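What follows is the residue order along each chain.
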Amino acid sequence: MPLSLQNISLKHLGTEIQNTMHTIRGNKHTPGTGLGYLVEEATQSGEQTPTPDSSTPGKEPADSPKPAPKSSLPASLPQKTKSQSNTFPFFSEGLVRNRTAQEKVVALEQQVLVLTKELKSQKELVHILHKALEAAQQEKRASSSFLAAAEDKDRLELVRHQVRQIAELGRRVEALEQERDSLAHSVSLREREVQELQEHVQLLMDKNQAKQQVICKLSEKVTQDFTQPPEEPRLPPNPTDRDLLSQEERMEHLKDDMEAYQTQNRFLNSEIHQVTKIWRKVAEKEKALLMKCAYLQARNCQVESKYLAGLRRLQEAKAGECSELLRQLIQEALQGDTGVASADSVELSPVSEYDEYGFLTVPDYEMEDLKLLAKIQALEVRSHHLLELEAVERPLQQRWAALGELAPSAELKQLLRAGVPHEHRPRVWKWLVHRRVQHLHTPGCYQELLSQGRACEHPAARQIELDLNRTFPNNKHFTCPTSSFPDKLRRVLLAFSWQNPTIGYCQGLNRLAAIALLVLEEEESAFWCLVAIVESIMPAEYYSKTLMASQVDQRVLQDLLSEKLPRLMAHLGQHHVNLSLITFNWFLVVFADSLISDILLRVWDAFLYEGTKVVFRYALAIFKYNEEAILQLQDGLEIYQYLRFFTKTICDSRKLMHIAFSDMNPFPMKQLRQLRAAHREQLDAELRKLELLKAQYLERQAPRDDKRPEGGASEDEGEGDA
């Protein structure tokens, strides 16, 4: 095509363009009978009018004849156009005869445009073919180099090079797909904007039409006033007619005002609609950005936790050459994000130092191994929370917000098992505690107990004072010197020791009362929460001097573990592992020292409503959560060391909850009562046997004490002689 365009004659431009157009169309379709004639005529015209030299544009060669004037056009031009109308599709015989010169020029311009478009498409096709040819030549060169390689190593390197090229092309394809998606999104946004503008234009047209109607009515009224002849003078209207006319005029004015207000109302409604749309778009965009930010933060937490886990594994491997480097990396990982903030005081680390209740997210353990585990756990918990924020947490918060007055129901039970949001937990816990102690609660009871404690010191006051400093050393509310929580805790424990003299005080009650204080914040509410746990929820003698009920529950747990997790219990029995050393404190303080606050308070939400069965469910779930890791350990001492901190590896609260309330089913309360009764009877028999052995020993020991010789020197006498 470029060669044919270069040989076009300028003298017979119209004929040449028609012939070239017909030649192209003839090549695209089946060639007709007129093709040879057109090519022949194009050749003749080219011989008659040679093309100017392209090397000197704007000038003609010296020996070329001068172009003839316009009046000297060949006389056979109409005959040629007539003979060509049979083969050229754009002209019919009748139209050629009747067209003027201007119409012919327009037709020729259209043909030029068509030819230009087809030329452009052909150029694009040639460009694509060039690209394909280059790719084929490159592939041929790669294949030739592969075949010419002398060794397998060189061929393998060529194959790797091809694989890298394929990967690069794959990344380019992904980038192009992302760009295509973004362009499609922008196109959809533009279409929405166009649609909104069309609606706005339609509204303005409606408004304009309403105004035109009002103008037409006023014009008709003015025309009628001019066309009607003047009426004859009337008699002055009486007061009744005057009032009627004024009322009619007022009605007309009111109608006009009403129409104006309606038009204005439609306009304002459209504006409100537009503003509402904009607000919704902004809200949706903000929500999408927040979700994206949460996802990126979660991914960051996961990457950082994997990095810390890798450092821990390297530390366990005890690489001698890299020990110093590992120690430095661990210190940077544990301390690198403290105090890192941007210029506008926005923290870069998604894990804060303290949680909502004042607990350290990464407790300051003495062992670096435990510090790493705590940091990994905090990052994993944060990532799970961010990933579940939109799908789980927000719908749960909406359900709690929509929940009105609290009443026992299956829905409330499911909501409590899923966990109470932070802002609703104090109200829910107060209701749960009131249900447990409403038969014990009397107005002013707590103040009376406090006044009794001020009047007389309780025997357990010294032990309470010692345990205050041991209560949650990783919580800022109990370690800060200016905090009021230690004083509140002291008063709550002293009041309870006067409330229940049979127990007085038992180690572990300080943690139960501290959890209640952190959530409820009021001393009296925390006091009644402690009363509800000790005297209503837990079995009798759970916190007595013998801890009888606590020992019974440990034996019940052993039976349940054998039933629910037989592989794990067989493995622990093979290595002679006594789980009571680990689990006894779980039941005594309801996991207060074992689980992180986020999971701990979810356990307490269900515990205050359902009772001790929840403690058994979560104890079984904790072992199920880490069953595979325990089964991989093949040494009793190693198992004990792992059980000391294996609760620190629990990061997914939703997974733990699902195991506790789904995988551990069926879990009937009747079975729990039967197991408790059986083990209580067995333990009582053991204690009676122990008392009998003790009495027999004392009987045997009494005659021996009487026969003991008195001539021996005492220690004091020996010291005096010295």
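Residues numbered from 1 in each chain as written. Predicted model: local features only at pLDDT ≥ 70, side-chain atom pairs only at ≥ 80, totals over all residues. Heavy atoms only, no water.

### Notes on the overall build of the chain
Our working rule: In DSSP terms, a helix is any run of H or I states spanning at least four residues, a strand is any run of E spanning at least two, and both are numbered starting from the N terminus. When accessible area is computed with a 1.4 Å probe and restricted to protein chains, residues below 20% of their type maximum are described as buried, those above 50% as exposed, and intermediate ones as partly exposed. Here, residues are in contact when the closest pair of their heavy atoms is within 4.5 Å. Computed with a 1.4 Å probe, the accessible areas rest on the Shrake-Rupley method; for each residue, only the protein chains presented here act as cover.
Secondary structure summary: the chain contains 29 helices and zero strands in total. For the chain, buried positions account for 33% of its 722 residues. For the chain, restricting intrachain contacts to residue pairs at least 6 apart in sequence, the fraction spanning at least 24 positions comes to 73%. Roughly 47,100 Å² of accessible area belongs to the chain as shown, and the carbon and sulfur atoms make up 56% of that amount.

### Description of helix α24 (residues 613-625)
Put simply, the test is: To estimate the expected span of a helix, subtract one from its residue number and multiply by 1.5 Å.
Its 13 residues place the ends of α24 18 Å apart at the C-alpha level, agreeing with the 18 Å of an ideal helix rising 1.5 Å per residue. For α24, the tally of buried residues reaches 12 of 13 residues, placing the bulk of the element in the interior. Those residues of α24 lying buried are Lys-613, Val-614, Val-615, Phe-616, Arg-617, Tyr-618, Ala-619, Leu-620, Ala-621, Ile-622, Phe-623 and Tyr-625.

### As for the nonpolar core
Our working definition: To form a nonpolar core, buried Ala, Val, Leu, Ile, Met, Phe, Trp, Tyr and Cys residues must be joined to one another through side-chain atoms within 4.5 Å. The source of the domain bounds is an automatic or database domain assignment.
Among the nonpolar cores identified, the biggest contains 118 residues, and Leu-509, Ile-533, Tyr-543, Phe-591 and Phe-623 are the most heavily contacted of them. Looking at which domains feed residues into this core, each of domain 1 (427-537) and domain 2 (541-698) gives three or more. Not counting chain neighbours up to four residues away, the residues in contact with Leu-509 comprise Leu-493, Phe-496, Ile-503, Leu-530, Val-534 and Tyr-543.

### Observations regarding the UniProt feature "coiled-coil region" (unreviewed entry) in the chain
To keep things clear, this is the line we draw: UniProt positions are given in the numbering used here, feature names are shortened, and annotations may be inferred rather than shown by experiment.
Those places that UniProt annotates as "coiled-coil region" (unreviewed entry) correspond, in this numbering, to residues 98-214 and 244-271. Helix makes up 100% of residues 244-271 and strand makes up 0%, while its end C-alpha atoms are separated by 40 Å.

### Remarks on the packing of aromatic side chains
Quick reminder of the rule: Pairing of aromatic side chains here covers Phe, Tyr and the six-membered ring of Trp, requires ring centres within 6.5 Å, and sorts the geometry by plane angle: under 30 degrees stacked, over 60 edge-to-face, intermediate tilted.
Inspection of every chain in the model, using the stated rule, returns 16 aromatic pairs. Look at Phe-359 and Phe-472: their rings are 5.3 Å apart centre to centre, the planes differ by 80 degrees, and that puts the pair in the edge-to-face class. Of this pair, Phe-359 sits in the loop between α9 (323-335) and α10 (368-387) while Phe-472 sits in the loop between α15 (461-468) and α16 (476-479), and the two are 113 residues apart along the sequence. Owing to a relative accessible area of 11%, Phe-359 belongs among the buried residues under this scheme. Using a relative accessible area of 4% as the deciding quantity, one classes Phe-472 as buried.

### Focus: unusual backbone geometry
Across the junction of Asn-665 and Pro-666, the peptide omega takes the value 0 degrees, indicating a cis bond. Looking at the secondary structure, you find Pro-666 in the loop between α27 (653-663) and α28 (669-706). Phi angles above zero are rare outside glycine, and Glu-541 is one such case at about 65 degrees. Residue classification places Glu-541 among the partly exposed residues on the basis of a relative accessible area of 38%. At Phe-591, a residue that is not glycine, the phi angle is positive and equals roughly 65 degrees.

### Considering a negative patch on the surface
The following threshold applies: Exposure above 30% relative accessible area and the absence of a salt bridge qualify a residue for a patch, where like charges join within 9 Å and nonpolar side chains (Val, Leu, Ile, Met, Phe, Trp, Tyr) within 5 Å. Should a side-chain nitrogen of Lys or Arg be within 4 Å of a carboxyl oxygen of Asp or Glu, the pair is scored as a salt bridge. Positive: Lys, Arg. Negative: Asp, Glu. His and the chain ends are not part of the count. A charged residue contributes its charge at one atom only: NZ of Lys, CZ of Arg, CG of Asp or CD of Glu.
A contiguous patch of negative charge on the surface is contributed by Glu-248, Glu-249, Glu-252, Asp-256, Asp-257 and Glu-259. Along the chain, Glu-259 falls in helix α8 (residues 239-317).

### Comments concerning a nonpolar patch on the surface
Nonpolar side chains collect at one region of the surface, where Phe-146, Leu-147, Leu-156, Val-159 and Val-163 lie side by side and expose about 440 Å² of accessible area between them. The element that contributes the greatest number of residues to the nonpolar patch is helix α7 (residues 152-227), accounting for three residues. Within the secondary structure, Val-159 is located in helix α7. When its relative accessible area of 38% is taken as the criterion, Val-159 is described as partly exposed.

### Here's the deal with helix α20 (residues 548-564)
In this model, α20 (17 residues) spans 25 Å end to end at C-alpha, consistent with the 24 Å of a helix rising 1.5 Å per residue. Restricting attention to buried positions, one finds in α20 the residues Met-548, Ala-549, Ser-550, Val-552, Asp-553, Gln-554, Val-556, Leu-557, Leu-560, Leu-561 and Lys-564.

### Quick look at the side chain of Thr-647
Stated precisely, the cut-off is as follows: What qualifies as a polar contact is a pair of N or O atoms within 3.5 Å, subject to a donor-acceptor requirement within protein and to the restriction that residues adjacent in sequence count only when both atoms come from side chains.
Mapped onto the elements of the fold, Thr-647 is located in the loop between α26 (636-645) and α27. Since its relative accessible area comes to 6%, Thr-647 is described here as buried. Within the local environment of Thr-647, its side chain forms a polar contact with the backbone oxygen of Ser-594, the two atoms lying 3.1 Å apart.

### Brief notes about the pattern of salt bridges
Within the structure shown, the criterion is met by 21 salt bridges. Salt-bridge contacts for Arg-491 lead to Glu-523; the nearest nitrogen and oxygen are separated by 2.6 Å. Taken as a pair, Arg-491 in helix α17 (residues 485-499) and Glu-523 in helix α19 (residues 523-537) lie far apart in primary sequence, 32 residues in all. For Arg-680, the salt bridge identified is with Glu-541, shortest N-O distance 3.4 Å. Of this pair, Arg-680 sits in helix α28 while Glu-541 sits in the loop between α19 and α20, and the two are 139 residues apart along the sequence. Since its relative accessible area comes to 26%, Arg-680 is described here as partly exposed. Each of Arg-567, Lys-624, Glu-627 and Glu-628 takes part in one network of salt bridges that share partners.

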